[in-house]
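Working through the structure, step by step
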Amino acid sequence: MQRLIDGFFMCWSMFLYIPSPSQRWNEEARPHMLFTFPLVGLIVGVIWMLAAWLSIFLMPAVRALFLAAVPWLLTGFMHMDGFMDVCDAILSRKDIEAKRKILKDSHCGAFAVICIALLILSQFAAFLDIGANAGTLKVCLGLLLIPVIVAIAVFIFTILNFIPCDPVDLAL
């Protein structure tokens, strides 16, 4: 049980910008981090839901900007950097070795800038469209569940990729 608790706090400290109550690293608990990933998603979801509920008094454009920024702020913009790297590599139209080099490059390319601008604008537009309904139960539950469902999907996808299987079984 202690390894699971350590794994949770290790996962928290890796994926959230919010300081973790426990700062120790237990190498034996590292495999348990994956199991606690949905709980970290729940933390993000609860804070996002509370932000939506508390932001009902803000002007619609300010509320939309705030709600679009909350998950980025909670995760320390970590996922934004990865998104931009992948956009640069995929849209480069180069061979696989050049794409790997682009992924390791610390510079920001034009495709990354264009894609992140489109992502931010689409998030802003989505929350602006929600408008006055931002504090309603449906929207708050949606914001609560989005990070949890994504974390569960990542957990399931990772587990399924580690299940050994015979390639013959995959043939149609």
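Residues numbered from 1 in each chain as written. Predicted model: local features only at pLDDT ≥ 70, side-chain atom pairs only at ≥ 80, totals over all residues. Heavy atoms only, no water.

1. Description of the nonpolar core
Trp-12 and Phe-127 are the most contacted members of the largest nonpolar core, which has 25 residues in total. Breaking this core down by element, the ones donating at least two residues are helix H1 (2–15), helix H2 (33–54), helix H3 (60–74) and helix H7 (137–162). If you tally residues by element for this core, the top one is H2, at 8 residues. The residues touching Trp-12, leaving out its near neighbours within four places in the chain, are Ile-18, Pro-19, Ser-20, Pro-21, Val-40 and Ile-43. (Core = buried A, V, L, I, M, F, W, Y, C linked by side-chain atoms within 4.5 Å. Buried < 20%, exposed > 50% of the residue type's maximum accessible area, 1.4 Å probe, protein only. Helix = DSSP H or I, 4+ residues; strand = E, 2+ residues; numbered from the N terminus. Contact = heavy atoms within 4.5 Å.)

2. Considering the side chain of Asp-88
Checked against the element boundaries, Asp-88 lands in helix H4 (residues 78–90). One buried charged residue, Asp-88, forms no salt bridge at all, with the nearest opposite charge on Lys-94 at 9.8 Å. Once residues within four sequence positions are removed from consideration, Asp-88 is found in contact with Ile-102, His-107, Cys-108, Gly-109, Ala-110, Phe-111 and Ala-112. (Lys, Arg positive; Asp, Glu negative; His and termini not counted. Salt bridge = Lys/Arg side-chain N within 4 Å of Asp/Glu carboxyl O.)

3. Description of the packing of H4 against helix H6 (residues 110–130)
Two elements in contact, H4 and H6, have axes whose closest approach is 8 Å; the angle formed by their N-to-C orientations is 130°. Looking at the two axes, H4 sits oblique to H6. Along this stretch, H4 crosses H6, giving a crossing that reads as right-handed. Residues Met-80, Phe-83, Met-84, Cys-87 and Asp-88 of H4 lie in contact with H6, whose contacting residues are Ala-110, Phe-111, Ala-112, Cys-115, Ile-116, Leu-119 and Ile-120. Its residues assigned to classes, the contact of H4 with H6 comprises 11 nonpolar, no polar and 1 charged. (Axes fitted to C-alpha atoms, helices over the stretch in contact; angles between N-to-C directions. Parallel < 35°, antiparallel > 145°, perpendicular 65-115°, else oblique. Left-handed = near helix turned anticlockwise from the far one by under 90°. Nonpolar A, V, L, I, M, F, W, Y, C, P; charged D, E, K, R; others polar.)

4. A few points about the state of the cysteines
Under the criterion given, the structure shown has 0 disulfides. Summary of cysteine pairing: Cys-115 is not part of a disulfide, and the nearest cysteine sulfur, belonging to Cys-87, is at 3.4 Å. (Disulfide = S-S within 2.5 Å.)

5. Overview of the packing of aromatic side chains
By the definition in use, this model includes 6 aromatic pairs. Ring plane angle 75° and centroid distance 5.8 Å describe the contact between Phe-8 and Trp-12, whose orientation is recorded as edge-to-face. Taken together, the residues span about one helical turn, with Phe-8 and Trp-12 both in helix H1 at a distance of 4 residues. Exposure class is identical for Phe-8 and Trp-12. Each is buried. Following the ring pairs from residue to residue traces out a cluster consisting of Phe-8, Phe-9 and Trp-12. (Phe/Tyr/Trp six-rings, centres within 6.5 Å; stacked < 30°, edge-to-face > 60°.)

6. Describing the environment of Thr-136
Positionally, Thr-136 belongs in the loop between H6 and H7. Along the sequence, Thr-136 and Ala-52 sit 84 residues apart, while their C-alpha atoms lie 8.5 Å from each other.

7. Some thoughts on a nonpolar patch on the surface
A grouping of Val-86, Ile-90, Leu-91, Leu-103, Phe-111, Ile-114 and Leu-118 is seen on the molecular surface, where their side chains present a nonpolar patch of about 620 Å² in accessible area. At the level of secondary structure, the elements contributing two or more residues to the nonpolar patch comprise H4 and H6. Ranked by residues supplied to the nonpolar patch, first place goes to H6 with 3 residues. If you trace the backbone, Leu-118 turns up in helix H6. (Patch = residues over 30% accessible without salt bridge, like charges linked within 9 Å, V, L, I, M, F, W, Y side chains within 5 Å. Areas by Shrake-Rupley, 256 points an atom, 1.4 Å probe, with all protein chains shown as cover.)

8. Things to note about the confidence of the model for the chain
Mean pLDDT for the chain: 85, with 92% of residues reaching 70 or above. Confidence over residues 167–172 falls short of pLDDT 50; this stretch has 1 contact with residues more than four positions distant or in other chains. (pLDDT = per-residue confidence, 0-100.)

9. Some details on the environment of Leu-121
Within the secondary structure, Leu-121 sits in helix H6. For the pair Leu-121 and Lys-94, spaced 27 residues apart in sequence, the C-alpha separation works out to 27 Å.

10. Topic: unusual backbone geometry
At Phe-77, a residue that is not glycine, the phi angle is positive and equals roughly 65°. Mapping Phe-77 onto the fold places it in the loop between H3 and H4. Residue Phe-77 is classed as partly exposed on the basis of its relative accessible area, which comes to 40%. Although it is not a glycine, Arg-93 sits at a positive phi angle of roughly 60°.

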